[in-house]
Amino acid sequence: MSITTTAEGIETAEQLDVLLANGYNEGQGYLFGRPIGRAEVASVIERFKLG
C-alpha cells in the first residue's frame, strides 16, 4: 500500500529490531531522544537545520 508507518514508544534496541523486521518505516521514543525543556528547543532546531 506504500503507507508510511510510525512506531511510538521505542525504548530499546530490541524493540527497534522487531519493528524494523516487521516493516515499520519510522519511529520515535526514548531510544532516539529524551524530552527536552522549552529553553533547549531553539538549540536543537538550530543543530538540525539543513543548508
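Residues numbered from 1 in each chain as written. Predicted model: local features only at pLDDT ≥ 70, side-chain atom pairs only at ≥ 80, totals over all residues. Heavy atoms only, no water.

Draft legend 1. Local environment of the overall build of the protein. Along the protein, the regular secondary structure elements total 2 helices and 2 strands. For the protein, the succession of helices and strands along the chain, N to C, is β-α-β-α. Scaling as 2.2 N^0.38, a compact globule of 51 residues should have a C-alpha radius of gyration of about 10 Å, whereas the protein reaches 14 Å, well beyond that. Counting only C-alpha atoms and orienting by the principal axes, one finds that the protein spans roughly 35 × 25 × 15 Å. Of all 51 residues assigned to the protein, the portion counted as buried reaches 6%. Considering only intrachain contacts with a sequence separation of at least 6, the fraction spanning at least 24 residues in the protein is 0%. Of the accessible surface of the protein, which amounts to about 4,600 Å², a share of 54% is contributed by carbon and sulfur atoms. In the protein, 4 positive and 7 negative side-chain charges are present, and the distance between their average locations comes to 13 Å. (Helix = DSSP H or I, 4+ residues; strand = E, 2+ residues; numbered from the N terminus. Rg over C-alpha atoms; globule rule 2.2 N^0.38 Å. Buried < 20%, exposed > 50% of the residue type's maximum accessible area, 1.4 Å probe, protein only. Contact = heavy atoms within 4.5 Å. Areas by Shrake-Rupley, 256 points an atom, 1.4 Å probe, with all protein chains shown as cover. Lys, Arg positive; Asp, Glu negative; His and termini not counted. Charge placed at Lys NZ, Arg CZ, Asp CG, Glu CD.)

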